[in-house]
Amino acid sequence: MRYLTVSGTAGAVPELTVSPLVERSGLRVAGEVGLTTHSVWERALERAVREDQDVYYLELSSVTFVDVAGAGALAAAAQQLGDGRRIVLDRPPDTLQRVLEMFWPDLSAIEVSMS
């Protein structure tokens, strides 16, 4: 399978960058969550589970794609959180929100914020 970047260059590999949020506990994520970036995504989710915060933010406004396996990894991470803890997805891609609602409709450890 070949990937195309925005510029239309064939063969480019999708990227996923992760950086800490300055103003609150969490991470800013940018790029695509797919086969070649799952390890980066899973490490970010492991960090969310390890942190001892009631609310952990994932700022996803610059994420353009999350495949079903990436959504599943997010759901699995949320299920590992202790009682009362949650992951807040700040401006996730619409498709991620729909997949979560379809396959994990009662997962209260994930909250979606569109503001």
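From a predicted model like this one, the values you see are computed outputs, not experimental measurements.

### Details of the overall build of the protein chain
Part 1 of the reasoning: Helix and strand content of the protein chain: three helices and five strands.
Part 2 of the reasoning: Expressed as a percentage of the 115 residues in the protein chain, the buried residues total 40%.
Part 3 of the reasoning: When the accessible surface of the protein chain is split by element, carbon and sulfur atoms take 51% of a total near 6,700 Å².

### Structural notes on helix 1 (residues 38-50)
Part 1 of the reasoning: If you check helix 1, its first and last C-alpha atoms are 18 Å apart, about what 13 residues at 1.5 Å a residue would give, namely 18 Å.
Part 2 of the reasoning: His38, Trp41, Ala44, Leu45, Ala48 and Val49 are the residues of helix 1 that are buried. Buried positions in helix 1, seen along its axis, are confined to an arc of 145° and lie on one side of it. Facing away from the buried side of helix 1, by more than 90 degrees, are the exposed residues Arg43 and Arg50.

### Side note on the pattern of salt bridges
Part 1 of the reasoning: Within the structure shown, the criterion is met by seven salt bridges.
Part 2 of the reasoning: For Glu23, the salt bridge is made with Arg28, and the minimal N-O distance between the two is 4.0 Å.
Part 3 of the reasoning: Measuring nitrogen to oxygen at the nearest pair gives 3.9 Å for the salt bridge that ties Arg47 to Glu51.
Part 4 of the reasoning: Among the residues examined, Arg47 registers a relative accessible area of 33% and is labelled partly exposed.
Part 5 of the reasoning: Overall, Glu51 belongs to the partly exposed group, its relative accessible area being 27%.
Part 6 of the reasoning: Through salt bridges with shared partners, one network takes in Glu23, Arg24, Arg28, Glu59, Asp90 and Arg91.

### Description of the environment of Leu27
Part 1 of the reasoning: Considering the arrangement of structural elements, one finds Leu27 in strand 2 (residues 26-33).
Part 2 of the reasoning: Excluding anything up to four places from it in sequence, Leu27 contacts Val18, Ser19, Pro20, Leu21, Ala44, Arg47, Tyr56, Tyr57, Leu58 and Glu59.

### Some points on the nonpolar core
Part 1 of the reasoning: Residues Trp41, Leu58, Leu60, Leu74, Leu89 and Leu96 are the most contacted members of the largest nonpolar core, which totals 29 residues.
Part 2 of the reasoning: Sorting the residues of this core by element identifies strand 2, helix 1, strand 3 (55-66), helix 2 (68-79), strand 4 (86-90) and helix 3 (94-103) as the ones contributing at least two each.
Part 3 of the reasoning: The leading source of residues in this core is helix 2, at six residues.
Part 4 of the reasoning: For Leu74, the residues in contact, after removing those within four places along its chain, are Trp41, Leu45, Leu58, Ile87, Leu89, Leu96, Leu100 and Ile110.

### Here we look at the pairing of strand 1 (residues 16-20)
Part 1 of the reasoning: With five bridges connecting them, strand 1 and strand 2 associate as antiparallel partners. Within strand 2, the residue paired with Val18 across the bridge is Val29.
Part 2 of the reasoning: From the end of strand 1 to the start of strand 2, which pair antiparallel, there are five residues.

Conventions and cut-offs
Residues numbered from 1 in each chain as written. Predicted model: local features only at pLDDT ≥ 70, side-chain atom pairs only at ≥ 80, totals over all residues. Heavy atoms only, no water. Helix = DSSP H or I, 4+ residues; strand = E, 2+ residues; numbered from the N terminus. Buried < 20%, exposed > 50% of the residue type's maximum accessible area, 1.4 Å probe, protein only. Areas by Shrake-Rupley, 256 points an atom, 1.4 Å probe, with all protein chains shown as cover. Expected span 1.5 Å × (residues − 1). Arc of directions from axis to C-beta. Salt bridge = Lys/Arg side-chain N within 4 Å of Asp/Glu carboxyl O. Contact = heavy atoms within 4.5 Å. Core = buried A, V, L, I, M, F, W, Y, C linked by side-chain atoms within 4.5 Å. Pairing = 2+ DSSP bridges.

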